[in-house]
Amino acid sequence: MEKFLEKPDFLQDIFVEESWKNIDKIDSFIEEKAKEEDFSVSREEVDGLFRTMHSIKGSASMMGYPSISETAHSAEDLFSYLREEENPAQKDLKTILQLLRMVSGFMKRELRRMETDEEVTDFGWAVVRRIKNFLAHVDNENEPEGPSYQIAYTRKGKQIIPYTNFASLIPQMERLASIMGRELSKEFTVKVSGADTEVPRDIFDKISMAVLQMMKNSMDHGLEITSVREQMGKTPIGEISLEIQKAGQRVFVIFRDDGRGLDKHGILETAHEKGLLKKPEEEYEDNEIFAFLLRPGFTTKSRATMFSGRGVGLDVVNATISALGGSIRIESREYMGTTFFMEFPVIA
C-alpha cells in the first residue's frame, strides 16, 4: 500500500476534479461503442483518448500516485496499438473496450478513496498485466506459449512463481518506435540483446514499463533528427539499444541511446530554481547531477509535447525500480548519448 503524500488540499482537489472529467470522457467513449454490435475507432478518437490518458498519467505522477500513473501509462499503449493497426479485428476492439472499462473502474475506485482520505491501493498492477498480456498476444501470429514456473523460497515461504522472457517486449518497442518516429520525423533503429532472459512475470511487467518510458524520453529528448545528426558528423540514423543479462539472483538491464546526451548545466539550473542544491554547483559529480532527473516532477523542458515534458517519465521509472528493490545509475556524454544502468533482485 502507498500512503498519500502530504500536499496542499487544494492541489488534491484539483487533481480529483480534473481526473473525474477525463475519466468521464473515457466512459463516454466506452458507452458509445458498447451500443454497437460492430464498431470502428477513428484516428481522431484515438488521438483524443491518448491525450486524455496522458493528462491523467502526468497529473498522477506529479501528485505522487504512481499506481494511477502507471495504469494510465499502460492504457496509452492500447491507443498506440490502435494508431499503428490499420484494421484491428472486431474481437480485439471489444477486448480493448473491456480493458478500458477496467482502467476506468480502477481509477474511479482510487478517486473515491482520495475523497474519503483512504489509502491508495496498488491493484492497478492487475489491470496493467491484463493489458500487457493482450498486447503480447496481438503482436504474435500465434497464441504465445504459457509461462514457465519455478519454485522459490522467499520470506513468505515456498512459492511457485510464473517466469517469462522479454521476447514480447520487442514488438512493443518496435511499435512505439514506429509511432514516435513518424510523429517526431526521426529515424532510428532499435536493438535488443538478451531477450531470452527469464524473470518472474511481475518483475517483467515492471521492467517493461520502465524500458518503454525510457524509450519515450530518449526518442523525444535525446535522439536528434537526421539533418542535425549529419551536421554533427553522426550517422544519419540514431540507435537505441537494450541489453538484458542475469547473473545469479540479479538481473541487469542496460538501456542506451546515441543522441545529444544530457545537459548538465540545464539540469543544475533547474535544480537551483527548485531549491534542490545542497552545496556549490561546482562540487557536484556527474552522477549526482543526473540523479536530479529521477526526482518527481523534475524536467528541464519548458514546453510539453504529446510524449513528454510534463515532469513525467524518469521519476516513474525510478519509482518502479525502487519498488523492485533495484537501483538505477545514469551516465551521459554531451553529443554522444546517454546510458541507464539498472539492477534488480530476481526475487523481490
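Everything in this summary refers to the structure shown in the same document.

Reading the values: rules and limits
- Each residue is numbered by its place in its chain's sequence as written, counting from 1.
- Whole-chain, interface and lining totals are the exception, using all residues; otherwise, since this is a predicted model, local features are given only for residues with pLDDT of at least 70 and side-chain atom pairs are given and counted only at 80 or more.
- Computation of side-chain values covers all heavy atoms of the structure but excludes hydrogens and water.
- In this text, helices come from DSSP runs of H or I with a minimum length of four residues, and strands from runs of E with a minimum of two, each type numbered from the N-terminal end.
- When a residue's accessible area, from a 1.4 Å probe over protein chains only, is under 20% of the maximum for its type it is buried; when over 50% it is exposed; and in between it is partly exposed.
- Contacts were defined at the residue level, with two residues in contact if any of their heavy atoms lie within 4.5 Å.
- Residue exposure ignores everything except the shown protein chains as possible cover, and the areas themselves are Shrake-Rupley values with a 1.4 Å probe.
- Strand pairing follows a simple DSSP-based rule, namely that at least 2 bridges must link the two strands.
- A fitted line through C-alpha atoms represents every axis, and for helices the fit uses only the stretch in contact; the resulting angles, taken between N-to-C directions, go from 0 to 180 degrees.
- Two N or O atoms count as a polar contact when they lie within 3.5 Å, although within protein this holds only if one can serve as hydrogen donor and the other as acceptor, and sequence-adjacent residues are included solely when both atoms are side-chain atoms.
- Centres within 6.5 Å make a pair out of two Phe, Tyr or Trp rings, where for Trp the six-membered ring is used; the pair is then stacked when the planes are under 30 degrees apart, edge-to-face when over 60, and tilted otherwise.
- By definition here, charges over rings are those cases where NZ of Lys or CZ of Arg is within 6 Å of the ring centre and within 35 degrees of the ring normal.

Further remarks concern the overall build of the chain. Per the secondary structure count, the chain includes 11 helices and eight strands. Classification of the 348 residues of the chain by burial places 50% in the buried group. Restricting to contacts in the chain with at least 6 residues of sequence separation, those with at least 24 account for 71%. When the accessible surface of the chain is totalled, it reaches about 17200 Å², and 48% of it is carbon and sulfur.

Let's shift gears to the sheet that holds strand E3 (residues 188-193). Reading across from one edge, E3-E5-E6-E8-E7 is the order of the five strands in this open sheet, with mixed pairing throughout. Of all the strands in the sheet, just E3 and strand E7 (327-333) have a single pairing partner and so form its edges. Between one strand axis and the next, the sheet turns through 10° on average, direction left out of account. Two elements, strand E6 (residues 250-257) and strand E8 (residues 337-345), share eight bridges in a ladder whose sense is antiparallel. The residue bridging Arg250 from the neighbouring strand is Pro345, located in E8.

Further remarks concern the side chain of Ser208. One can find Ser208 in helix H7 (residues 201-222). Polar side-chain contacts of Ser208 include one of 2.8 Å to the backbone oxygen of Phe204. Excluding residues that lie within four positions of it along the chain, Ser208 makes contacts with Lys132, Phe166 and Leu169.

In this structure, His73 sits in helix H3 (residues 66-84). For the pair His73 and Val128, spaced 55 residues apart in the sequence, the C-alpha separation amounts to 8.9 Å. Leave out the neighbours within four places in its chain, and His73 touches Lys57, Met209, Leu212, Gln213 and Lys216. Separated by 3.4 Å, the side chains of His73 and Gln213 make a polar contact.

A full pass over the atoms with the stated rule returns four aromatic pairs. Ring centres 5.7 Å apart and planes at 45° place the aromatic pair Tyr284 and Phe292 in the tilted group. This pair shows no difference in class: Tyr284 is buried, exactly as Phe292 is. Seen from the ring of Tyr284, Lys279 lies directly overhead, with NZ or CZ sitting 4.9 Å from the centre. Seen from the ring of Phe341, Arg329 lies directly overhead, with NZ or CZ sitting 4.3 Å from the centre.

The complete set of buried residues in helix H9 (residues 264-273) reads Gly266, Ile267, Leu268, Thr270 and Ala271. For H9, the elements touching its buried residues are helix H10 (286-291). Where H9 begins, the capping side chain belongs to Asp263, and its oxygen is found 3.3 Å from the backbone nitrogen of His265. Of the residues flanking the end of H9, it is Gly275, one or two places downstream, whose phi is positive at about 75°.

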